[in-house]
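Close look at the chain arrangement
Here's the letter readout for the chains.
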Amino acid sequence: MEKSEQIEKVKIPGYLKIGKVVAYLLYAWVIIGVVSLTLRVFLLLFSANTTTPFVEFVFKVSADYLNPFRGIFPSKPVGETGYLDVSALFAIIVYLFIMWGFSALIQYVQNKIDITRRKQEKELAELKREEELTLIKETTTVQKSKSTPVSARSNTRNL
């Protein structure tokens, strides 16, 4: 019975589980970047007060995401005090492509997990079938061995 209890569990390899968690964490990191950069664009566009805690927070968070893209495009003035941060818009587009890549990675890892799960479930079903067939064979063998002497006795009485 121990053998049958051990084989009833489907085990997903650790590297797939870890890969999925890492991909989700990176996906979340990129989402935070896209959201913070989008907020930054709107806050700059509408001339938000930079001394308020929320605006300071958004600028601090988005600064790290914006650093690789600073200076690529000049900012465009909008109205009297606002301006359009084109570099931030470009960064948003790039991070959306990165996010799309992580999404594809998550789907790929999940597909591998599903394939592994289906394969193991199929193997478990085959093992269970083999166990049942073995049990049936053992049962019929025991029944035949018990019934053979009885039938042999009846044949000897008829002689």
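Note: the structure precedes this text.
Just so we're clear, the structure is a prediction, and the values are computed from it rather than from any experiment.

**Re the overall build of the chain**
- On a plain count of helices and strands, the chain comes out with four helices and two strands.
- The N-to-C order of helical and strand elements in the chain reads α-α-α-β-β-α.
- Taken across its 159 residues, the chain has 22% of its residues classed as buried.
- For the chain, the accessible area works out to roughly 11,800 Å², and carbon and sulfur atoms hold 64% of it.

**Let's talk about the side chain of Asp85**
- Within the secondary structure layout, Asp85 lies in the loop between strand 2 (82-84) and helix 4 (86-158).
- Classification of Asp85 by relative accessible area gives buried; the value is 7%.

**As for helix 3 (residues 53-66)**
- Taking 1.5 Å as the rise per residue, helix 3 with 14 residues should run 20 Å; its terminal C-alpha atoms sit 19 Å apart, in good agreement.
- Among all positions of helix 3, only Val55, Val58, Phe59, Ser62, Ala63, Tyr65 and Leu66 are buried. When helix 3 is viewed along its axis, its buried side chains cluster within an angular range of 160° and face the same direction. With respect to the buried face of helix 3, the exposed residues turned more than 90 degrees away are Pro53, Phe57, Lys60 and Asp64.

Criteria and thresholds
- Residues numbered from 1 in each chain as written.
- Predicted model: local features only at pLDDT ≥ 70, side-chain atom pairs only at ≥ 80, totals over all residues.
- Heavy atoms only, no water.
- Helix = DSSP H or I, 4+ residues; strand = E, 2+ residues; numbered from the N terminus.
- Buried < 20%, exposed > 50% of the residue type's maximum accessible area, 1.4 Å probe, protein only.
- Areas by Shrake-Rupley, 256 points an atom, 1.4 Å probe, with all protein chains shown as cover.
- Expected span 1.5 Å × (residues − 1).
- Arc of directions from axis to C-beta.

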